[in-house]
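Examination of the molecular architecture
Chain by chain, the residues:
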Amino acid sequence: MALAGTNAAAPRPRASRMPARLDLLESGTGLLLALFMLVHTLFAASILLGPEASATMARAFEGYYLFGRSYPAIVGAFTTLIVLMFVVHAVLAMRKAPSGWAAYSRFHGNRGRLAHADTTLWWWQVVTGAVVGLTATIHLYHILANPGGLGPYESAQQVWSGRMWPLYLVLLPAVELHVGIGLYRLAMKWGWFEDDRSTRTRRRLKLAMWGLIGSYVLLGLTALGAYAKLGYEQALDPSTAPAMHAP
Ligand code: HEM
């Protein structure tokens, strides 16, 4: 029985589930975007197999092998979906970044005192997230504003003559770092591989993370070089670019 003057039997206010739900949504959109990005880099790297292989990928993405003709609207619809996920993920992630100078300097003071490697990785997530937010928005707008612009010769022209390569040189390492660190942090946070978060698990996951980041940055840069080279050759001699649109 509750004693007079105490609140022993008073019902405790139920903790809101909203922060947990938002966290789940942030992790879920982050995971989907990371998986998309891993496939996207492979898709972009098809240029290394030659323009024909890359054109086949572009046509497949536009539904050519399914419907017998290309529908750039498929790319448009898919890109819109990616943009929506991108916005939801960015808004949810931003709520955790230090806002204002006081919060920022308190965070850096604590980070220096703790010297905790995973906290430093989290900070890199904030920094690369901001870079990706800015540069990927330009890229996504460009894709949406150029329906039917998918293909090796179109891309090569954009990368070289359209001066997109400096943007990609910034976006590429930032996004691969963001994806690699993000996947590591998801694995640690949700305990994907082992139930403990032991030093050994962390060390193994970090090794996998740096391996993934290193190989994807290398692959992406090699592909970017191939687009730039093709674009440069096209600029010198436009007759080297065959008919620029998929059937
Ligand atoms: C569905 C949406 C997307 C489509 C259709 C798409 C398509 C493309 C294409 C065709 C290229 C080749 C160059 C060009 O044509 O400009 C490219 C390059 C690139 N994209 Fe995307 N992209 C999409 C979303 C994204 C997102 C969300 C990111 C990063 C957050 C991204 C990062 C990059 C990077 C870094 C490159 C150049 C690096 C490389 O050569 O590997 N893209 N993209």
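The structure this text deals with has already been given above.
These lines cover the structure that appears in this document, whether it is placed above or below. Keep in mind it's a predicted model, so treat the numbers as computed, not measured. (Residues numbered from 1 in each chain as written. Predicted model: local features only at pLDDT ≥ 70, side-chain atom pairs only at ≥ 80, totals over all residues. Heavy atoms only, no water.)

Observations regarding the coordination of the iron atom of the ligand
Surrounding the iron atom of the ligand are the protein donor atoms His40 (NE2) and His139 (NE2), at 2.0 to 2.1 Å. Taken together, the six donor atoms coordinating the iron atom of the ligand span angles of 84 to 179° at the metal, a pattern that classifies the geometry as octahedral. Residue histidine 40 is found in helix H1 (residues 18-45), and its partner histidine 139 is found in helix H6 (residues 117-145); the two are separated by 99 residues along the sequence. Histidine 40 gets classed as partly exposed once you look at its relative accessible area, which sits at 25%. Residue histidine 139 is classed as buried on the basis of its relative accessible area of 14%. (Donors = N, O, S within 2.8 Å, 3.2 Å for Na, K, Ca; no water. Tetrahedral: all angles 85-135°; square planar, octahedral: opposite > 155°, others 65-115°. Helix = DSSP H or I, 4+ residues; strand = E, 2+ residues; numbered from the N terminus. Buried < 20%, exposed > 50% of the residue type's maximum accessible area, 1.4 Å probe, protein only.)

Observations regarding the site of the ligand
Taken together, 22 residues are adjacent to the ligand, and Met37, His40, His139, Ser155 and Tyr168 come closest. One of the side-chain nitrogen or oxygen atoms of histidine 40 is found 2.7 Å away from a nitrogen atom of the ligand. Note that an oxygen atom of the ligand is positioned 2.6 Å from one of the side-chain N or O atoms of serine 155. For the shell around the ligand, the secondary-structure elements that each account for two or more residues are H1, helix H4 (72-94), H6, helix H7 (152-160), helix H8 (165-190) and helix H9 (199-236). At five residues, H6 tops the list of elements feeding residues into the shell around the ligand. (Near = heavy atom within 4 Å. Polar contact = N/O pair within 3.5 Å; in protein donor to acceptor, adjacent residues only side chain to side chain.)

Overview of the environment of leucine 221
By the element assignment, leucine 221 lies in helix H9. For leucine 221, a relative accessible area of 36% translates into the label partly exposed. The contacts of leucine 221, once residues within four sequence positions are left out, are Leu169 and Leu172. (Contact = heavy atoms within 4.5 Å.)

A closer look at H7
Here H7 has its buried residues at Pro152, Tyr153, Glu154, Ala156 and Val159. Elements that come into contact with the buried residues of H7 comprise helix H2 (51-61), H8 and H9.

Remarks on the packing of H6 against H9
At their nearest, the axes of H6 and H9 sit 13 Å apart, and the two run at 30° to each other. Considering the angle they form, H6 stands roughly parallel to H9. When the axes of H6 and H9 are compared, the crossing they make is left-handed. For the pair formed by H6 and H9, the contact residues are Ala117, Asp118 and Leu121 on the first element and Arg202, Lys206 and Met209 on the second. Class assignment for the residues of the contact of H6 with H9 results in three nonpolar, no polar and three charged. (Axes fitted to C-alpha atoms, helices over the stretch in contact; angles between N-to-C directions. Parallel < 35°, antiparallel > 145°, perpendicular 65-115°, else oblique. Left-handed = near helix turned anticlockwise from the far one by under 90°. Nonpolar A, V, L, I, M, F, W, Y, C, P; charged D, E, K, R; others polar.)

Re the packing of H6 against H8
Relative to each other, H6 and H8 sit at 140°, their axes nearing to 8 Å. Viewed along their axes, H6 and H8 adopt a mutual orientation that is oblique. Viewed along their axes, H6 and H8 form a crossing whose handedness is left-handed.

Concerning the side chain of serine 27
Along the chain, serine 27 falls in helix H1. Among the polar contacts made by the side chain of serine 27, one reaches the side chain of tryptophan 190 at a distance of 3.0 Å.

Considering the packing of aromatic side chains
Applying the stated rule across the entire model yields 11 aromatic pairs. Measuring from centroid to centroid gives 5.5 Å for tryptophan 160 and tyrosine 232, while their planes differ by 80°, and the two rings are edge-to-face. Of this pair, tryptophan 160 sits in helix H7 while tyrosine 232 sits in helix H9, placing them 72 residues apart in sequence. In this structure tryptophan 160 comes out as partly exposed when scored by relative accessible area, which is 28%. The positively charged end of arginine 59 is found above the aromatic ring belonging to tyrosine 64, 5.9 Å away from the centroid. (Phe/Tyr/Trp six-rings, centres within 6.5 Å; stacked < 30°, edge-to-face > 60°. Lys NZ or Arg CZ within 6 Å of the ring centre and 35° of its normal.)

Function cannot be inferred from these measures alone, as they are strictly geometric.
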